[in-house]
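Below are the chains, spelled out letter by letter.
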Amino acid sequence: QIQLVQSGPELKKPGESVKISCKASGYTFTDYAMHWVKQAPGKGLKWMGWINTYTGKPTYADDFKGRFVFSLEASASTANLQISNLKNEDTATYFCARDPGAGDYWGQGVMVTVSS
Amino acid sequence: EIVLTQSPTTMAASPGEKVTLTCLASSSVNYMYWYQQKSSASPKLLIYYTSILASGVPDRFSGSGSGTSYSLTISSMEAEDAAIYYCLQLTSTPHTFGAGTKLELK
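Residues numbered from 1 in each chain as written. Chains lettered and ligands numbered in written order. Predicted model: local features only at pLDDT ≥ 70, side-chain atom pairs only at ≥ 80, totals over all residues. Heavy atoms only, no water.

S.K.: Which residues make up the packing of aromatic side chains, and what are the values?
M.R.: Under the definition given, this model contains 10 aromatic pairs over all chains. Residues Trp-106 of chain A and Tyr-35 of chain B carry aromatic rings whose centres are separated by 5.5 Å and whose planes lie at 70 degrees to one another, so their mutual orientation is edge-to-face. On the criterion of chain membership, the pair formed by Trp-106 of chain A in strand β10 (residues 105-106) and Tyr-35 of chain B in strand β4 (residues 33-37) is interchain, its members lying in two chains. Exposure class is identical for Trp-106 of chain A and Tyr-35 of chain B. Each is buried. An aromatic cluster is present here, built from Tyr-31, Tyr-33, Tyr-48 and Tyr-49 of chain B joined pairwise through their rings. Looking at Arg-98 of chain A, its charged tip hangs above the ring of Tyr-32 of chain A, at a distance of 3.6 Å from the centre. (Phe/Tyr/Trp six-rings, centres within 6.5 Å; stacked < 30°, edge-to-face > 60°. Helix = DSSP H or I, 4+ residues; strand = E, 2+ residues; numbered from the N terminus. Buried < 20%, exposed > 50% of the residue type's maximum accessible area, 1.4 Å probe, protein only. Lys NZ or Arg CZ within 6 Å of the ring centre and 35° of its normal.)

Shown next as structure tokens:
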């Protein structure tokens, strides 16, 4: 069965970096794009962007250009999200989602807490 | 950027009541997608391509609309339908979600 399994919760200090992983199984990883979605505590869903898992090309929403990097470990069927120079407002749950237009496959979400 | 405006923001419905949620787009979109989210769990797809029911979703849910106006209807409210509902457009980048409608059980 198709699964997206994300890494565990993270507690970081402002200015630090974090890398979240999303490991896919049950399908050919490079056949579908991987999208990333942010949900701050008590807030709605915000689309961050996506990465072409065949070419590795990322596309970022404007609010996520600069400190956010989507990457792949295609041999491991894994997509990664790295956030650098963390700020308090980065505190959120981050979801990976396989091409929302092609089925309903989401990771369980990773809670990232940024606190001094 | 296409802005999706959902209404109402919050509502309560009694068991058996018909519920209609609306999503208005600032520009025309080809299709609308609807998700249900309970607490902080991963969103669950209910409707894709505007009106197609996702696998395993009860048939009391339905979707309709075109252009800039879309709706999600629950024909008969059940307790398990209490959740937050989001619309999502994939027509243009950046993809965008509506702010959500919180549906409570009366």
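S.K.: With reference to specific residues and values, describe the pattern of salt bridges.
M.R.: Pairing is possible between side chains that carry opposite charge, provided their charged atoms lie close to one another. All names here are of chain B. Here the structure, examined in full by the defined rule, presents 7 salt bridges over all chains. With its nearest N and O atoms 3.7 Å apart, the salt bridge here joins Glu-104 to Lys-102. With a relative accessible area of 40%, Lys-102 lands in the partly exposed category. Linked by salt bridges that have partners in common, Arg-60, Glu-78, Glu-80 and Asp-81 make up one network. (Salt bridge = Lys/Arg side-chain N within 4 Å of Asp/Glu carboxyl O.)

S.K.: Any details on the sheet that holds strand β3 (residues 18-25) of chain A? Residues and values, ideally.
M.R.: Strand pairing in a sheet is mediated by backbone hydrogen bonds. Such pairs are either parallel or antiparallel. Residue and element names in this part refer to chain A. Spatial strand order, β1-β3-β8-β7: 4 strands in an open sheet with antiparallel pairing. Two strands lie at the open edges of the sheet, namely β1 (3-6) and β7 (68-73), each paired on one side alone. Across the sheet, the mean angle separating the axes of adjacent strands is 20 degrees when strand polarity is ignored. As defined by bridge partners, β3 adjoins strand β8 (residues 78-83) across 6 bridges and the pair is classed as antiparallel. Residue pairing across strands places Lys-19 opposite Gln-82, the latter belonging to β8. (Pairing = 2+ DSSP bridges. Axes fitted to C-alpha atoms, helices over the stretch in contact; angles between N-to-C directions.)

S.K.: Could you give an account of the state of the cysteines, with specific residues and numbers?
M.R.: Enumeration over the complete set of coordinates arrives at 2 disulfides over all chains. Note on cysteine connectivity: Cys-22 of chain A is disulfide-linked to Cys-96 of chain A, with sulfurs 2.0 Å apart. Linking Cys-22 of chain A and Cys-96 of chain A, the disulfide has an S-S dihedral of approximately 80 degrees and is accordingly described as right-handed. On the criterion of sequence distance, the pair formed by Cys-22 of chain A in strand β3 and Cys-96 of chain A in strand β9 (residues 92-98) is long-range, its members being 74 residues apart. The pair Cys-22 of chain A / Cys-96 of chain A is uniform in exposure class, with both members buried. Paired by a disulfide, Cys-23 of chain B and Cys-87 of chain B hold their sulfur atoms 2.1 Å apart. Note on the Cys-23 of chain B and Cys-87 of chain B pair: the S-S dihedral is about 75 degrees, so by sign convention the disulfide is right-handed. Placement of the pair is Cys-23 of chain B in strand β3 (residues 19-25) and Cys-87 of chain B in strand β9 (residues 83-89), with a sequence separation of 64 residues. Accessibility classification places Cys-23 of chain B together with Cys-87 of chain B in one group, the buried group. (Disulfide = S-S within 2.5 Å.)

S.K.: Tell me about a nonpolar patch on the surface, and please be specific about residues and values.
M.R.: All names here are of chain B. On the surface, Tyr-31, Tyr-49 and Ile-52 cluster together to form a nonpolar patch covering roughly 270 Å² of accessible area. Its location among the elements puts Tyr-49 in the loop between β5 (44-48) and β6 (52-53). Given the relative accessible area of 37%, Tyr-49 is considered partly exposed. (Patch = residues over 30% accessible without salt bridge, like charges linked within 9 Å, V, L, I, M, F, W, Y side chains within 5 Å. Areas by Shrake-Rupley, 256 points an atom, 1.4 Å probe, with all protein chains shown as cover.)

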